[in-house]
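Observations on chain architecture
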Amino acid sequence: MKFNYVNSISPDGKAEAYIYFLYRDEKRISEELKYIEKDLKIKFDSQTLKDFKGKDSQTYLVYQNGKRVFLSGVGKKEKFTLEKLRNSCARAVKYAESLKLKKIAIEIFNTDGKGFSYGDIVNAEVESAILGTYSFKKYKKTKSKDEEDESRINEVVLFGKAGNEKDIKKVINDSVIIANGTITARDIGNEPGNYMYPDSLAKLVVSEGKKHKYDVKVLNEKEIAKLGMGGVIGVGKGSENPPRFIIMKYNGGGNKNPIVFVGKGVTFDTGGISLKPGAGMENMKMDMCGAAAVVGIFNAVASMKLKVNIIGIIPSVENMPSHNAFKPGDILTAYNGMTIEVQNTDAEGRLILADGVAYADNFKPKYIIDMATLTGAALIALGHTASIAITNDNELYNKVRKAGDEVFERVWELPSWDEYDKLIDSDVADVCNIGKGRAAGSITAGMFIKRFVADNKWLHLDIAGTAMLPAAASEYVPKYSSGVGVRLFTKFLINEANNN
Ligand code: BES
Ligand code: MN
Ligand code: ZN
């Protein structure tokens, strides 16, 4: 999808369809329809106004004088948010794509004094257009009879008096980059386990690093063992596919202390010897969505040449039961020398993250941020609507939460009080990998990671509920791998770059 900008309230006349956004307000709608009539040299049927009310659920296609016009509602002006625009835009663009159109024009919505910059509006429209039309069809090779050829929109003209061409083009460029980062994360998450295993993930990250210009170093099993990463080695032992430890580096911010992102890269989670039930286990191919988000963030940040320093760490394993597998009762020694009693091999994510966040300390990080599809309990606590944050730094949390609100990848904190920390004490080792029973499952998982972050400022994001979706979350966030974390932390890093 290629984007162009026309600095004019009238669209380029060669598009196959024109998308307009309208508030839920009859007087305004009738005025706007008159403008559109003049601009496109068409005449709307009076019936149009009777049916189209500008509701945020309404997207109408109107044919007039050989032209296609999409009227897409954004709801009442008082209640307008960028998220309403993202959904309205994604719905209209998907509709246009379903008609096999190639070139469309989209109005840069004038919010009429709602306080959003044209940059915000263009960003929302571009990202939602790209993300809304995403699908993962890589392994669909033969078509059924009634399945039609796939058709993609290849050109979008954004039109409106939105100001300086250079500024708007920069917003378009960055928005495309961020959306593509999200798509990369979705693609990685959606890959099946027989194609995506630790080594193939590592190779993919190496090639993404070459493409987007950041450094990638991959440690193999021997090197991981030599460093004393007992968590990664322990979890990885049961699989024919040996673990990898991936280290990424992007330096755009001089000699500032880096922000380190650690992503859970369990390419498939059977639960190991503490085997998971069969139903739904196929979803555990997405247990590397934390890692996927780290890759998406790096692609976006490096392509935008943001003035920040970031390190990415991806411990990657396949959690399998076998005669070699680690067992309940085993005691592992993590990278920082701490011993871990394994009471459940299905609580594997935290074991590899323990090594990951402990290793992060070597970089003298400004912040450590880890992302993981860590607990089923995250779905119980917040459902699919928000990611769970556990942190030891309130300022960091506020920054992440703000970025989350801005891009609508929302984050909510759960407490990390000492009472929860006690639940992971072990009788035989320094720490136990599960809490007591099912109580506060997402918190005890976070508390476990906290034990390995030394005195660094740290935030853990449990994305089990938001990264792998049983149904579409919105018009532009589809079923399965959502790519959550990329837009969130790219925004967070943009804010960091602007404030330093
Ligand atoms: N990858 C899972 C968490 C998960 C479950 C993500 C469902 C998405 C949907 C993780 O490794 C896991 O198995 N966690 C266990 C922890 C338990 C054994 C303490 C869980 O949540 O059941
Ligand atoms: Mn597990
Ligand atoms: Zn897992």
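Look up: the structure comes first, before these words.
Residues numbered from 1 in each chain as written. Chains lettered and ligands numbered in written order. Predicted model: local features only at pLDDT ≥ 70, side-chain atom pairs only at ≥ 80, totals over all residues. Heavy atoms only, no water.

What about the coordination of the zinc ion (ligand 3)?
Stated precisely, the cut-off is as follows: With water omitted from the atoms examined, metal sites may look incomplete; donors here are N, O and S atoms no farther than 2.8 Å from the metal, or 3.2 Å in the case of Na, K and Ca. Key to geometry: four donors with every angle between 85 and 135 degrees are tetrahedral; four donors are square planar and six octahedral where opposite donors lie over 155 degrees apart and all remaining angles lie between 65 and 115; all other sites are irregular.
At 2.0 to 2.4 Å from the zinc ion (ligand 3) lie its protein donor atoms, namely K264 (NZ), D269 (OD), D287 (OD) and E348 (OE). Around the zinc ion (ligand 3), the six donor atoms are arranged such that angles at the metal cover 79 to 174°; this shape is classified as octahedral.

So, the coordination of the manganese ion (ligand 2)
Protein-derived ligands of the manganese ion (ligand 2) are D269 (OD), D346 (O), D346 (OD) and E348 (OE), with the metal-ligand distances lying across 2.1 to 2.2 Å. The motif formed by the donor residues of the manganese ion (ligand 2), counted along the single chain, is D-x76-D-x1-E. The distance between the manganese ion (ligand 2) and the zinc ion (ligand 3) is 3.2 Å, with D269 acting as a donor to both metals.

A few points about the sheet that holds strand β17 (residues 431–432)
For clarity, the threshold we go by: The criterion for strand pairing is that DSSP finds at least two bridges linking the strands in question. A run of DSSP states H or I qualifies as a helix once it reaches four residues; a run of E qualifies as a strand once it reaches two. Both are numbered from the N-terminal end.
Ordered in space as β12-β13-β17, the three strands form an open sheet in which the pairing is mixed. The outermost strands of the open sheet, each flanked by one partner alone, are β12 (331–333) and β17. Note: strand β13 (residues 339–341) against β17, two bridges, orientation parallel. Along β17, the bridge assignment pairs E341 with C432.

Considerations on the pairing of strand β18 (residues 458–462)
Side-chain positions along a regular strand alternate between the two faces of the sheet. Using the following cut-off: Accessible area is worked out with a 1.4 Å probe on protein chains only. A residue is then buried under 20% of its type maximum, exposed over 50%, and partly exposed in between.
Of all the five residues making up β18, five are buried; the element is thus mostly covered by neighbouring parts of the structure. Side chains W458, H460 and D462 of β18 all project onto a buried face; the interleaved residues L459 and L461 project onto the opposite face, where all are buried too. Pairing of strand β14 (residues 367–372) with β18, which is carried by five bridges, proceeds in the parallel orientation. Directly across from D370, in β18, lies its bridge partner H460.

Some thoughts on helix α1 (residues 26–40)
Basically, it comes down to this: One less than the number of residues in a helix, times 1.5 Å, gives the span that helix is expected to have. Arc definition: directions from the helix axis to the C-beta atoms. The criterion used for residue contact is that any of the two residues' heavy atoms lie within 4.5 Å.
Taking 1.5 Å per residue as the helical rise, α1 with its 15 residues ought to reach 21 Å, and the 21 Å between its terminal C-alpha atoms agrees with that figure. For α1, the complete set of buried residues consists of I29, L33, I36, E37 and L40. One side of α1 carries all its buried residues, which in axial view fall inside an arc of 105°. Set apart from the buried face of α1 by more than 90 degrees, the exposed residues are K27, K34, Y35 and K38. Looking at the packing, one finds that the buried side of α1 touches β2 (17–22), α2 (47–51) and β4 (67–73).

Observations regarding the sheet that holds β2
Heads up, the condition is: Helix axes are fitted only over the stretch in contact, all axes being lines through C-alpha atoms; the angle between N-to-C directions runs from 0 to 180 degrees.
Spatially, the six strands line up as an open sheet ordered β1-β6-β5-β2-β4-β3, and their pairing is mixed. Each end of this open sheet is capped by a strand with a single partner; those strands are β1 (2–6) and β3 (59–64). If you compare each strand with its neighbour and ignore which way they point, the axes differ by 25° on average. As paired elements, β2 and strand β5 (residues 103–107) share three bridges and run parallel to each other. Looking at the pairing, A17 lines up with I104 of β5. Across the sheet, helix α3 (residues 82–98) touches β2, β3, β4 and β5, and the angle it forms with β4 is around 150°.

Quick word on the environment of N173
Its location among the elements puts N173 in helix α5 (residues 165–190). Between the C-alpha atom of N173 and that of N4, which follows or precedes it by 169 residues, the distance is 10.0 Å.

Regarding the packing of helix α10 (residues 349–360) against helix α14 (residues 441–450)
Keep this limit in mind: Helix crossings get a hand from a simple test, with the near helix turned counterclockwise from the far one by less than a right angle marking a left-handed crossing and a clockwise turn marking a right-handed one. When residues are grouped by polarity, Ala, Val, Leu, Ile, Met, Phe, Trp, Tyr, Cys and Pro land in nonpolar, Asp, Glu, Lys and Arg in charged, and all others, Gly among them, in polar.
Running from N to C, α10 and α14 cross one another at 30°; their axes reach a closest spacing of 9 Å. When you trace α10 past α14, the crossing you get is right-handed. Residues R350, L351, L353, A354 and V357 of α10 form the contact with α14, whose participating residues are A445, F448 and I449. By residue class, the composition of the contact of α10 with α14 is seven nonpolar, no polar and one charged.

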